[in-house]
Amino acid sequence: MKVEKTAVPSGTGGSVAGPVKSAARALDLLDEIATHGPGTQLQLSTRLSIPKSSLHALLKTMTERGWLQTDPTGSVYQLGIHSLVVSSAYLTGDSVLSRANPVMDELAAATEETVNLARRDGDHVIYTGKRESVHPLRMHLAVGRRLPAYSTALGRAVLAELPADERARLVPDEIAPLTARTTTGKDEVLAIIDAAERDGYTVESEESCMGVRCFGVSLPFGPPGSDGLSVAAPISRLTGGREDNIIETLLSIKARLSTVREHSAIR
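The structure reproduced in this document is the subject of the present report. (Residues numbered from 1 in each chain as written. Predicted model: local features only at pLDDT ≥ 70, side-chain atom pairs only at ≥ 80, totals over all residues. Heavy atoms only, no water.)

**Some words on the overall build of the protein chain**
Stage number 1. A tally of regular secondary structure across the protein chain gives nine helices and eleven strands.
Stage number 2. The 267 residues of the protein chain split such that 42% are buried.
Stage number 3. Partitioning the intrachain contacts of the protein chain with sequence separation of at least 6 by distance along the chain shows that 52% fall at a separation of at least 24.
Stage number 4. Split by element, the accessible area of the protein chain, about 14300 Å² in all, is 55% carbon and sulfur. (Helix = DSSP H or I, 4+ residues; strand = E, 2+ residues; numbered from the N terminus. Buried < 20%, exposed > 50% of the residue type's maximum accessible area, 1.4 Å probe, protein only. Contact = heavy atoms within 4.5 Å. Areas by Shrake-Rupley, 256 points an atom, 1.4 Å probe, with all protein chains shown as cover.)

The structure is reproduced here in structure tokens:
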């Protein structure tokens with residue numbers, strides 16, 4: 001394993017190790033397969049711009065250690081069982097998730113719709129928790145899924161917690177649509193996020209999933225702009241004032257959690 005080193009001033013006791021190329025490639029490989037799916041050695045080499053000769057040894061090592069596994073033909077690489085072990089340990093030890101679990105239960109019982117919890121990772125959100133709707137028609141969004149924050153209700157609510165200049169930096173000039181209804185104009189998206197800051201919540205209709213409307217708020221569990229909560233429901237079920245009830249329930253829960261946090265800070 002080749003380690004690049006950066007010289008440091010004399011008297012510091014030696015040198016400081018820089019980035020480890022093989023370790024970075026291993027992490028890039030896990031991210032690539034998690035985001036874009038399995039692939040052959042040639043496909044992964046092309047997708048990651050890593051020479052096949054360099055990738056071969058890396059794939060062999062990661063497969064032997066359980067981070068990756070192959071299909072029955074032995075030619076297609078996908079995430080291995082050890083990836084599940086580590087992700088499960090993360091979810092078990094996450095303090096926000098443990099605090100949010102009863103909140104998700106409460107929200108799911110009150111709305112009878114799908115409830116999602118997610119955390120911002122740069123300009124995306126990664127879904128960390130979910131409660132399924134009691135109805136047969138549901139929104140299929142798995143824990144671990146990664147979506148652009150600026151194109152989802154939950155993500156926009158989280159971005160609204162950040163300073164305006166940071167929001168502008170995180171929303172790209174060219175937005176790739178998730179559906180035919182996704183708002184792709186940067187100025188329009190920033191205006192939606194500004195409204196979320198003012199209103200305390202945001203709504204998106206069919207922008208991340210056709211036929212579904214989502215309602216999102218930020219959660220006051222961590223630093224501003226970290227975690228958010230949403231309710232997703234088929235538009236066909238949003239009749240008889242149900243939309244207003246969902247928004248009121250979300251805002252009520254958010255206000256209660258904010259009050260608890262303020263009192264804890266005072267003490």
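Read on for the rest.
**So, the environment of Gly 228**
Stage number 1. For Gly 228, the position within the fold is in strand E11 (residues 227-234).
Stage number 2. The exposure class assigned to Gly 228 is buried, which follows from its relative accessible area of 0%.

**A look at the side chain of Thr 179**
Stage number 1. Checked against the element boundaries, Thr 179 lands in the loop between helix H7 (164-170) and helix H8 (186-199).
Stage number 2. Residue contacts for Thr 179: discarding those within four places in its chain leaves Glu 206, Glu 207, Ser 208, Cys 209 and Met 210.

**Thoughts on the packing of helix H2 (residues 41-48) against helix H3 (residues 52-64)**
Stage number 1. The interhelical angle for the contact between H2 and H3, taken along N-to-C directions, is 115°, at an axis separation of 10 Å. As H2 packs across H3, the resulting crossing turns out to be right-handed. For the pair H2 and H3, contact is made by Gln 41, Leu 42, Leu 44 and Ser 45 and by Lys 52, Leu 55, His 56 and Leu 59, respectively.
Stage number 2. Residues of the contact of H2 with H3, tallied by class, amount to four nonpolar, three polar and one charged. (Axes fitted to C-alpha atoms, helices over the stretch in contact; angles between N-to-C directions. Left-handed = near helix turned anticlockwise from the far one by under 90°. Nonpolar A, V, L, I, M, F, W, Y, C, P; charged D, E, K, R; others polar.)

**Focus on H2**
Stage number 1. Taken residue by residue, H2 has Gln 41, Leu 44, Ser 45 and Leu 48 as its buried positions. Projected onto a plane normal to the axis of H2, the buried residues spread over an arc of 105° and lie on a single side. Of the residues in H2, the exposed ones pointing more than 90 degrees away from the buried face are Leu 42 and Thr 46.
Stage number 2. For H2, the elements touching its buried residues are helix H1 (21-36), strand E3 (39-40), H3 and strand E5 (76-79).
Stage number 3. Just downstream of H2, Ser 49 is the residue with a positive phi angle, here 55°. (Arc of directions from axis to C-beta.)

**So, the pattern of salt bridges**
A side chain of one charge can pair with a side chain of the opposite charge when the charged atoms of the two come close.
Stage number 1. This model, assessed by the stated rule, comprises 18 salt bridges.
Stage number 2. For the salt bridge of Glu 113 with Arg 242, the shortest nitrogen-to-oxygen distance reads 2.9 Å. Taken as a pair, Glu 113 in the loop between helix H5 (95-111) and strand E6 (114-121) and Arg 242 in helix H9 (residues 242-266) lie far apart in primary sequence, 129 residues in all.
Stage number 3. Here the residues in one salt-bridge network are Asp 94, Arg 119 and Asp 227, joined through shared partners. (Salt bridge = Lys/Arg side-chain N within 4 Å of Asp/Glu carboxyl O.)

**What to know about the sheet that holds strand E4 (residues 68-70)**
Stage number 1. If you trace the three strands from one edge of the open sheet to the other, you get E3-E5-E4, paired in antiparallel fashion. Because the sheet does not close on itself, it has two edges, and the strands there are E3 and E4.
Stage number 2. Here two bridges tie E3 to E5, and the two strands are oriented antiparallel to one another. By the bridge assignment, Gly 39 is partnered in E5 with Tyr 77.
Stage number 3. Along the sheet, H1 makes contact with E4 and E5, crossing E5 at roughly 90°.
Stage number 4. Here H3 sits on the sheet in contact with E4 and E5, set at roughly 100° to E4. (Pairing = 2+ DSSP bridges.)

**Quick word on a nonpolar patch on the surface**
Stage number 1. Together, Ile 81, Leu 84, Val 85 and Val 86 line one region of the surface with nonpolar side chains, adding up to about 360 Å² of accessible area.
Stage number 2. Here Ile 81 is to be found in helix H4 (residues 81-93). (Patch = residues over 30% accessible without salt bridge, like charges linked within 9 Å, V, L, I, M, F, W, Y side chains within 5 Å.)

**Concerning the packing of H1 against H3**
Stage number 1. Packing of H1 against H3 leaves a shortest axis separation of 11 Å and a crossing angle of 70°. Taken together, the axis directions place H1 and H3 in an arrangement best described as roughly perpendicular. The segment H1 lies against H3, with Ser 22, Arg 25, Ala 26, Leu 29 and Leu 30 engaging Ser 54, Leu 55, Leu 58, Leu 59 and Met 62.
Stage number 2. Of the residues contributing to the contact of H1 with H3, the split by class is seven nonpolar, two polar and one charged. (Parallel < 35°, antiparallel > 145°, perpendicular 65-115°, else oblique.)

**Notes on the sheet that holds E11**
What links the strands of a sheet is backbone hydrogen bonding, and the strands pair in either a parallel or an antiparallel sense.
Stage number 1. Strands sit in the order E8-E7-E6-E11-E10-E9 across an open sheet of six strands; the sheet is antiparallel. The open sheet terminates on both sides in strands that have one partner only, identified here as strand E8 (146-148) and strand E9 (202-205). Recorded for the sheet is a direction-independent mean angle of 30° between the axes of neighbouring strands.
Stage number 2. For E9 and strand E10 (residues 212-219), the ladder comprises four bridges, and the chain directions are antiparallel. When the sheet's bridge partners are listed, Glu 204 is paired in E10 with Cys 214.

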